[in-house]
Amino acid sequence: MIKPTTAYGQRTIDLLHERGVELTDIADLVVYLQKAFIKDLTPEMALHSVQTVLNKREVQNAVITGIQLDIAAEHHALMEPLQTIVERDEGLYGVDETMALSIVDLYGSIGFTNYGYIDRTKPGILAKLNAHEPGIIHTFLDDLVGAIAAAGAARLAHDDADEQDTPFK
């Protein structure tokens, strides 16, 4: 297991846990995204990739910010109309997706396509986070978790020996 490189990284993982997301949940999404493309993909490989993504400060910043906004909305601490928009997870809001895209952007175009797919299908933990249970707001978190998984999957794809370019002759 990769340890977070900083206390800031550990705080990010702790916040995910406090909001009901385990790193293995995100690793399961990575496997979902890449199992058809990477032979011999293991849950351990997926978890390692998730941990590597979470060690990036840009990712930590996005996760901490998004979770803080979700918590503030649960406490009705956002000004209107933002409070209502975040509470309802309005489809045209888009700031939550924009934050998520800042994560997938770190891993190129495959990160974007992975994110679009997983955001649409909402498998695993994403279905739970997107359930819109009364009093629980995950407007930002569901997109951020999907982005971490998409980035982790993209990272694995970039490292997959079968996908590497053959040398020019």
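Preceding this section is the structure that the text describes.
Residues numbered from 1 in each chain as written. Predicted model: local features only at pLDDT ≥ 70, side-chain atom pairs only at ≥ 80, totals over all residues. Heavy atoms only, no water.

**Q** Any chance you could break down helix α7 (residues 109-121) for me, citing the residues and the numbers?
**A** The end-to-end C-alpha distance of α7, which contains 13 residues, comes to 19 Å, matching closely the 18 Å that a straight helix rising 1.5 Å per residue would cover. Of the positions making up α7, those classed as buried are G111, N114, Y115 and I118. When α7 is viewed along its axis, its buried side chains cluster within an angular range of 100° and face the same direction. Facing away from the buried side of α7 by over 90 degrees, the exposed positions are S109, T113 and R120. (Helix = DSSP H or I, 4+ residues; strand = E, 2+ residues; numbered from the N terminus. Expected span 1.5 Å × (residues − 1). Buried < 20%, exposed > 50% of the residue type's maximum accessible area, 1.4 Å probe, protein only. Arc of directions from axis to C-beta.)

**Q** Give a detailed account of the pattern of salt bridges, specifying residues and quantitative values.
**A** Across all of its chains, the model carries six salt bridges by this definition. With a shortest N-O distance of 3.7 Å, R88 and E90 are connected by a salt bridge. Residue R88 is classed as exposed on the basis of its relative accessible area of 59%. Among the residues examined, E90 registers a relative accessible area of 33% and is labelled partly exposed. The structure contains a network of salt bridges with shared partners spanning D119, K122 and D142. (Salt bridge = Lys/Arg side-chain N within 4 Å of Asp/Glu carboxyl O.)

**Q** Summarise the side chain of D89; cite the residues concerned and give the values.
**A** You can see D89 is positioned in the loop between α5 (82-88) and α6 (95-104). Buried D89, no salt bridge; nearest opposite-charge side chain is K122, N-O distance 6.7 Å. If near-sequence neighbours (up to four positions away) are discounted, D89 is found in contact with D96, N130, H132 and T139. (Lys, Arg positive; Asp, Glu negative; His and termini not counted. Contact = heavy atoms within 4.5 Å.)

Purely geometric stuff here, so don't read any function into it on its own.
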